[in-house]
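Summary of structural features
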Amino acid sequence: MAKAPVLTPRADDFPRWYQDVLNKAELAENGPVRGTMVIRPYGYAIWERMQAEVDARIKACGAQNAYFPLFIPESYFQREAEHVEGFSPELAVVTVAGGKELEEPVVVRPTSETMIGEYMAKWIQSYRDLPLLLNQWANVVRWELRPRLFLRTSEFLWQEGHTAHATRDDARAYAVRILHDVYQDFMVNVLAMPVVVGLKTAKERFAGAVNSLTCEGMMGDGKALQMGTSHEFGQNFAKVFGIDFLDDSGAQQTACTTSWGVSTRMIGGLIMAHGDDNGLRVPPRLAAVQVVVIAVRDEGDVVARCRALVDELCAAGVRAELDDKTGGSLGRRVTDWELKGVPLRLEIGPRDLAENAATLAFRISGRAKASVALAAVVDTVRAELDAEQSALLTEAIDLRESRTAEVTTLADARDAATTGWARVPWSAVGADGEAELAQSAVTVRCLVRADGSLPDDDQEPELLAYVARAY
């Protein structure tokens, strides 16, 4: 009798496959309150690696980390009408605390523009205080009606950057810098996801922003996922919260602000972009465990030599873990590591040890196993991790290119979005076409110039629109 697959095949039921990966790879599960999630240790280890990589890039752009309260006075939201209107359906509001009704309800943080704007106004007096570049790692709450783990949950983890600048040109330049130097660089070079960087349409713009910039990734089923955004607010929030400063001539001016963020949604993107019918595939530069050393049997010096090899790899900067659970079957153990997507496996049994070798297996490229001399393992692993990283990015680029259609009409764009993305002249879509596409659950993901670069606004001529179904 044929062995039943561990996961639902992606081609049969992509959403079910996604849920299977979450469960079998021990990434996350639903919390007790609808829309919340429990992130399991292996899933959180991936998030910690994402945090570390993104945080280092943010700091390289000059921003400093801070922390602001989870509870925000409701009156703060009322000051910026468009912002509160955009978030009203998702707000969680506390009206009773300590057994008493509050004089003013407080909102559980859905985002921190209003809170941080209040304090920027206190901290900024003159042009010498600018730019003020802040970042926060926190949780936020947006009450989700149709939750899906990592993709849309009522509570999720993220970073949110908030900055104030003397001019709109400076603010825009910084928002673009974050998009390219932090998000795009991380997503391409660490996540191995060739995201499209573009400008959101007015319909898709963040509530209260004058421009929203985005990184869009293609998932394994051809749909799009918004992986990260960077927003220009102009003076919208600064005027409301009084973020003013004296310029170098002593005249009072109003600052321009930005906001930008990525979240645990990136884990969902990682699963859907790189996963296969055997489970997750984690890019080596991201992986919390880059190589697992498996002791095939507890016989002779096998376990001791495996442990020593893990120490050698760790000393060389490779994130390695020992699997010495020899009481279980090797097949089951290998399946578990494949589900978790660890890039490389080194299997050592008595026969390998007798030959001073290890058997190397490749999770990402699926190449045939290779025998590697123990003395050469460290150098071989380093080289193969780089090769597997490149292979994953190349595969993702090939998928996106093969499933992106160049079209000229709205009808063709809609048809192309049934299996992938379409690139269509924005002039052939426009606001009316965007509304028509929405009736078929198709959205304009972003706008780009003909050469693929980022436009300054949606009024530039000859823009192209990326059109797709999306998560």
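See the structure above.
The present account deals with the structure reproduced in this document. The shown structure was predicted, so the numbers you read here are calculated from the model rather than taken from an experiment. (Residues numbered from 1 in each chain as written. Predicted model: local features only at pLDDT ≥ 70, side-chain atom pairs only at ≥ 80, totals over all residues. Heavy atoms only, no water.)

**Some details on the pairing of strand E5 (residues 92-97)**
Going by this rule: By definition, two strands form a pair when at least two bridges between them are found by DSSP. Helix and strand definitions here come from DSSP, where helices need a minimum of 4 consecutive H or I residues and strands a minimum of 2 consecutive E residues; each element is numbered from the N-terminal end.
Inspection of the sheet shows E5 paired to strand E6 (residues 100-108) by 5 bridges, in the antiparallel sense. When the sheet's bridge partners are listed, Val93 is paired in E6 with Val107. Taking the residues that link successive antiparallel strands as the turn, the E5-E6 hairpin has 2 residues, and the phi of Gly98 there is positive, at about 60°.

**Description of the nonpolar core**
Nonpolar side chains in soluble globular proteins tend to end up buried together. So the rule is basically this: Here, nonpolar core means buried Ala, Val, Leu, Ile, Met, Phe, Trp, Tyr and Cys residues that are tied together by side-chain atoms lying within 4.5 Å of each other. We call a residue buried when its accessible area falls under 20% of the maximum for its residue type, exposed when it is over 50%, and partly exposed in between, using a 1.4 Å probe and counting protein chains only. Residues are treated as being in contact if the distance between any of their heavy atoms lies within 4.5 Å.
With 64 residues, the main nonpolar core has Leu27, Ile46, Met50, Met187 and Ile271 as its most contacted residues. Those residues in contact with Met187 that lie beyond four places of it in its chain are Ala192, Met193, Val195, Cys215, Met227, Gly228, Val262 and Met266.

**Looking at the packing of aromatic side chains**
Under the convention used in this document: Only rings of Phe, Tyr and Trp enter the pairing, Trp through its six-membered ring, and a pair is recorded when the two centres are within 6.5 Å. The plane angle decides the type: under 30 degrees is stacked, over 60 is edge-to-face, the rest tilted. We call a charge positioned over a ring when the NZ of a Lys or the CZ of an Arg lies within 6 Å of the ring centre and within 35 degrees of the ring normal.
All chains considered together, the criterion is met by 11 aromatic pairs. Between the aromatic rings of Phe233 and Phe237, the centroid separation amounts to 4.6 Å while the plane-to-plane angle is 65°, which identifies the pairing as edge-to-face. Taken as a pair, Phe233 and Phe237 share a single burial class, namely buried. Members of the aromatic cluster, connected to one another through ring pairs, are Phe68, Tyr119 and Trp123. The ring centre of Trp17 lies 5.7 Å from the NZ or CZ of Arg10, which sits over that ring. A cation over an aromatic ring shows up here: Arg79 above the ring of Tyr76, its NZ or CZ 4.7 Å from the ring centre.

**Some words on the pattern of salt bridges**
Spelled out, the test is: Salt bridge, as applied in this entry: a Lys or Arg side-chain nitrogen positioned within 4 Å of an Asp or Glu carboxyl oxygen.
In the structure shown here, the tally under the stated rule is 35 salt bridges. Here Glu436 ties to Arg414 by a salt bridge, and the two come within 2.9 Å at their closest N and O atoms. Residue Glu436 is located in helix H14 (residues 430-438), and its partner Arg414 is located in helix H13 (residues 410-416); the two are separated by 22 residues in the primary sequence. The exposure class of Glu436 is partly exposed, given its relative accessible area of 37%. In this structure, Arg449 and Asp456 form a salt bridge, with 3.6 Å as the shortest nitrogen-oxygen distance. Its relative accessible area of 27% is what places Arg449 among the partly exposed residues.

**Details of the sheet that holds E5**
Selection criterion: Inter-axis angles, ranging from 0 to 180 degrees, are taken between N-to-C directions of lines fitted to C-alpha atoms, where helices are fitted over the stretch in contact.
Pairing in this open sheet of 3 strands is antiparallel, and the strands run E4-E6-E5 from one edge to the other. Among the strands making up the open sheet, the edge pair consists of strand E4 (71-73) and E5. The mean angle between the axes of side-by-side strands here comes to 45°, regardless of whether they run parallel or antiparallel.

**Quick notes on the sheet that holds strand E17 (residues 344-348)**
Strand order in the open sheet made by the 5 strands is E16-E15-E17-E18-E19, with mixed pairing throughout. Lying at the two open borders of the sheet, with one neighbouring strand each, are strand E16 (320-323) and strand E19 (370-373). In this sheet, neighbouring strand axes are inclined to one another by 30° on average, regardless of whether the strands run parallel or antiparallel. Packing of helix H12 (residues 377-402) onto the sheet brings it into contact with strand E15 (291-295), E17, strand E18 (357-362) and E19, and relative to E17 it is tilted by some 150°.

**Quick notes on unusual backbone geometry**
A cis geometry characterises the amide bond from Leu130 onward to Pro131, with omega recorded as -5°. Along the chain, Pro131 falls in the loop between helix H5 (113-123) and strand E7 (132-141). In this model, Phe150 sits at a positive phi of 70°, which is unusual for a non-glycine residue. With respect to the element layout, Phe150 can be found in the loop between E7 and strand E8 (155-165).

**A look at the packing of helix H1 (residues 14-24) against helix H8 (residues 265-274)**
Note the cut-off: In this scheme the handedness of a crossing depends on how the near helix is turned from the far one: anticlockwise by less than a right angle means left-handed, clockwise means right-handed.
Running from N to C, H1 and H8 point in directions that differ by 115°, and their axes come no closer than 11 Å. Remark: the crossing between H1 and H8 carries right-handed chirality. Between H1 and H8, the contacting residues are Phe14, Trp17, Tyr18, Val21 and Leu22 on the first element and Gly268, Ile271 and Met272 on the second.

**Some details on the state of the cysteines**
Using the following cut-off: By definition, disulfides here are pairs of cysteine sulfur atoms that lie within 2.5 Å.
Going through the model one piece at a time under the given rule, you end up with 0 disulfides. We note that Cys61 lacks a disulfide partner, and the nearest cysteine sulfur, in Cys215, lies 13 Å from it. Taking the relative accessible area as the measure of exposure, Cys61 reaches 6% and is therefore buried. The closest cysteine sulfur to the non-disulfide-bonded Cys256 is located on Cys61, 19 Å from its own sulfur. For Cys256, a relative accessible area of 5% translates into the label buried.

**Some words on helix H10 (residues 330-340)**
Turning to H10, its buried residues are Arg333, Val334, Thr335, Trp337, Leu339 and Lys340. Buried residues along H10 sit in contact with H1, helix H2 (41-60), E15, E16 and E17. Positive phi appears at Gly341, one or two residues downstream of H10, with a value of about 75°.

**Quick look at the packing of helix H9 (residues 302-315) against H12**
Note the threshold: Every angle not falling under 35 degrees, over 145, or within 65 to 115 is termed oblique; those three ranges are roughly parallel, roughly antiparallel and roughly perpendicular.
For the pair H9 and H12, the least separation of the axes is 10 Å and the interaxial angle reads 55°. Between H9 and H12, the crossing angle belongs to the class labelled oblique. For the pair H9 and H12, the sense of crossing is right-handed. Taking contact as the criterion, the partners of Leu309, Glu312 and Leu313 in H9 are, on H12, Val377, Val378 and Val381.

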